[in-house]
Amino acid sequence: MKKRQIALIAHDNKKQEIVEWAVANSKALSACDLFGTGHTAALVEEATGLKVHAFLPGPLGGDQQVGAAIAEGKIDAVVFFWDPLSAQPHDPDVKALLRIAVVYDIPIATNKATADYIINK
């Protein structure tokens, strides 16, 4: 059976939350191939000891790289802890990533409750 390919993304104000979530779910995540944008990938890898293949940072094209990987069938689910209360300079990229996930029918968790549901499925 193919390993699930999961992308991990978090805005600056949510990085600690995604790290805590990844640590709490490290056993389930160890059965997956993990990808992440820039700093999020490094933080999760450091905290869990799991290999996280890093894309560029989100504002420098990482969100678009994740979207391209979705379009190429290389990502099965996205865990994206985004900050809805802060303006993001790369907001068009974030919207494009959300759009491509919907177009390709990829589960995308934007909060801990949904991420828990996806990873424990």
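The structure displayed is predicted, hence computed values, not measured ones. (Residues numbered from 1 in each chain as written. Predicted model: local features only at pLDDT ≥ 70, side-chain atom pairs only at ≥ 80, totals over all residues. Heavy atoms only, no water.)

(A) Region of the structure containing unusual backbone geometry. You will see that Asp 105, though not glycine, has its phi angle at about 60 degrees, which is positive. When you line up the elements, Asp 105 lands in the loop between helix 5 (91–103) and strand 5 (108–109). (Helix = DSSP H or I, 4+ residues; strand = E, 2+ residues; numbered from the N terminus.)

(B) Spotlight on the sheet that holds strand 4 (residues 77–81). On the basis of which strands lie adjacent, the open sheet formed by 5 strands has the order 3-2-1-4-5 and parallel pairing. A strand with exactly one partner marks an edge of an open sheet, and here the two such strands are strand 3 (52–55) and strand 5. In the sheet, strand 4 pairs with strand 5 via 2 bridges, with the strands oriented parallel. Bridge pairing in strand 5 links Val 78 to Ile 108. Along the sheet, helix 4 (residues 62–71) makes contact with strand 1 (4–10), strand 2 (32–37), strand 3 and strand 4, crossing strand 3 at roughly 115 degrees. Its contacts with the sheet place helix 5 against strand 1, strand 4 and strand 5, and it is angled at close to 150 degrees to strand 4. (Pairing = 2+ DSSP bridges. Contact = heavy atoms within 4.5 Å. Axes fitted to C-alpha atoms, helices over the stretch in contact; angles between N-to-C directions.)

(C) Examining the pairing of strand 4 more closely. The buried count for strand 4 comes to 5 of 5 residues, which makes it a mostly enclosed element. Side chains Ala 77, Val 79 and Phe 81 of strand 4 all project onto a buried face; the interleaved residues Val 78 and Phe 80 project onto the opposite face, where all are buried too. (Buried < 20%, exposed > 50% of the residue type's maximum accessible area, 1.4 Å probe, protein only.)

(D) Fine view of the pairing of strand 2. In terms of burial, strand 2 is a largely internal element, 5 of the 6 residues being buried. Pairing between strand 1 and strand 2: 5 bridges, direction parallel. For Ile 6, the partnering residue across the bridge sits in strand 2 and is Leu 34. Pairing geometry for strand 2 and strand 3, over 4 bridges, is parallel. What sits directly across from Thr 37, in strand 3, is Phe 55. The parallel pair strand 2 and strand 3, bridged by helix 3 (residues 38–48), forms a crossover whose chirality is right-handed. (Right-handed = clockwise from strand over helix to strand, strands pointing away.)

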